[in-house]
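Remarks on the overall topology
Okay, here's what each chain looks like letter by letter:
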Amino acid sequence: MIKMLLRMLVLLTAAYFLYNFLTIIINGTGRHLGSAVGVVLCLILGSYVIFMPKINAFILGLSKPVKIIGGIVILLALAIILTETVFLIMATKKTTNSDTRPVVLVLGCRVQDGRPSLMLNERINAAYSYLEENPDLLCIVSGGKGEDELISEAQCMFNELVNRGISPDRIIMEDKSTNTKENFLFSKKIMTDLNLGDSVIIVTNNFHQLRAQMDASECGLTYGACPSKTSFFMFPSYYLRELVGILYEFIF
């Protein structure tokens, strides 16, 4: 009875996350590799629960070398996931050790009908709180205008922060970048031109901090983290995307 209840619980969990992954794929907020990986993993888990006796019998029938190799592959995958997860968490705790006053650098994200998307709004919330707590710091909002966006991501962030009470004199717009690396490259040029040093507080979602910091380091910036929260129903998809993306950047 207990085993049956556990199987039902796992099956319902797989169904719930499968629904979330499919939902953000359909509505366009999560059309990326992480969502696809999530769908595949949920289908594999659900299929295993449903056909557990047959699958277990098949595994038991495999030769010993195949079982050993399979076990090694699974352990290696788990070790990689665990290691990346630890580094993801550590990245959200990073503090800047620069002697110069840092600039708050907010990384752009999708703009919908001239308004911030859910994820961009989360970054704006984090930036606003940090700027309120540190009234002496300047801010760069970084992000260009995509083909499906009415205004640039930088303009959208600027408007939202000013509407919430942040002085426009504290906000500098970088509205030409099209990806994270360009966010840092173009923002660094602005900082150099204005003699603002090379230290930044990176404002982006918690799952994105590690890869953002990798790009900041390549651009010669010192950095600390101001991680924004990520909605629960979107986090699994983007977490999986980051695991794949970090591994790809590490290898290539």
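What comes next is a walk through the structure. (Residues numbered from 1 in each chain as written. Predicted model: local features only at pLDDT ≥ 70, side-chain atom pairs only at ≥ 80, totals over all residues. Heavy atoms only, no water.)

The subject of this paragraph is the overall build of the protein chain. Looking only at helices and strands, the protein chain features nine helices and seven strands. In terms of overall dimensions, the protein chain has C-alpha extents of about 70 × 35 × 35 Å along its principal axes. A total of 252 residues make up the protein chain; the buried ones form 41% of that total. Expressed as a percentage of contacts within the protein chain between residues at least 6 apart in sequence, the contacts between residues at least 24 apart total 70%. By element, 67% of the accessible surface of the protein chain is carried by carbon and sulfur atoms, the whole surface being about 14300 Å². In the protein chain, which carries 22 positive and 22 negative side-chain charges, the distance between the mean positions of the two groups comes to 13 Å. (Helix = DSSP H or I, 4+ residues; strand = E, 2+ residues; numbered from the N terminus. Buried < 20%, exposed > 50% of the residue type's maximum accessible area, 1.4 Å probe, protein only. Contact = heavy atoms within 4.5 Å. Areas by Shrake-Rupley, 256 points an atom, 1.4 Å probe, with all protein chains shown as cover. Lys, Arg positive; Asp, Glu negative; His and termini not counted. Charge placed at Lys NZ, Arg CZ, Asp CG, Glu CD.)

This part covers the packing of helix α8 (residues 209–218) against helix α9 (residues 235–251). Put simply, α8 and α9 touch, their axes get as near as 10 Å, and they point 30 degrees apart. It follows that α8 is roughly parallel to α9 by the angle criterion. For the pair α8 and α9, contact is made by Leu210, Arg211, Met214 and Asp215 and by Arg241, Glu242, Gly245, Ile246 and Glu249, respectively. Of the residues belonging to the contact of α8 with α9, the class tally is three nonpolar, one polar and five charged. (Axes fitted to C-alpha atoms, helices over the stretch in contact; angles between N-to-C directions. Parallel < 35°, antiparallel > 145°, perpendicular 65-115°, else oblique. Nonpolar A, V, L, I, M, F, W, Y, C, P; charged D, E, K, R; others polar.)

Bringing helix α6 (residues 153–163) into the picture now. Taken together, the buried positions of α6 are Glu153, Ala154, Cys156, Met157, Phe158, Glu160 and Leu161. After α6 finishes, the residue glycine 165 shows a positive phi value of roughly 115 degrees.

A few words now on the sheet that holds strand β6 (residues 199–205). Taken together, five strands build an open sheet; the order of strands is β5-β4-β1-β6-β7 and the sheet is parallel. In this open sheet, the two strands that pair with only one neighbour each are β5 (171–174) and β7 (222–228). Across the sheet, the mean angle from the axis of one strand to that of its neighbour is 25 degrees, orientation sign disregarded. (Pairing = 2+ DSSP bridges.)

On to the packing of aromatic side chains. A complete count under the given rule lists three aromatic pairs for this structure. With a centroid separation of 5.3 Å and an interplanar angle of 75 degrees, the aromatic rings of tyrosine 16 and phenylalanine 17 are classed as edge-to-face. With a relative accessible area of 22%, phenylalanine 17 lands in the partly exposed category. (Phe/Tyr/Trp six-rings, centres within 6.5 Å; stacked < 30°, edge-to-face > 60°.)

Per the stated rule, a full pass over the model turns up seven salt bridges. The residue arginine 164 makes a salt bridge to glutamate 160 at a minimum N-O spacing of 3.8 Å. Looking at arginine 164, the relative accessible area reads 27%, which means it is partly exposed. As a salt-bridge pair, arginine 211 and glutamate 242 come within 3.0 Å of each other at their nearest N and O atoms. Of the two residues, arginine 211 is situated in helix α8 and glutamate 242 in helix α9; the sequence distance between them amounts to 31 residues. In this structure, arginine 211 and glutamate 242 share a single accessibility class: buried. Members of the salt-bridge network, linked through shared partners, are Arg115, Glu160 and Arg164. (Salt bridge = Lys/Arg side-chain N within 4 Å of Asp/Glu carboxyl O.)

Tracing the backbone through its elements, the reader meets histidine 208 in the loop between β6 and α8. For histidine 208 and glutamate 242, which are 34 residues apart along the polypeptide, the C-alpha to C-alpha distance reads 7.0 Å. Among residues more than four places away in sequence, those in contact with histidine 208 are Leu107, Arg123, Thr180 and Glu242.

In this section: helix α4 (residues 64–92). Between its terminal C-alpha atoms α4 stretches 43 Å, which fits the 42 Å expected from 29 residues at 1.5 Å a residue. Taken together, the buried positions of α4 are occupied by Glu84, Thr85, Leu88, Ala91 and Thr92. Elements in contact with the buried residues of α4: α8, β7 and α9. (Expected span 1.5 Å × (residues − 1).)

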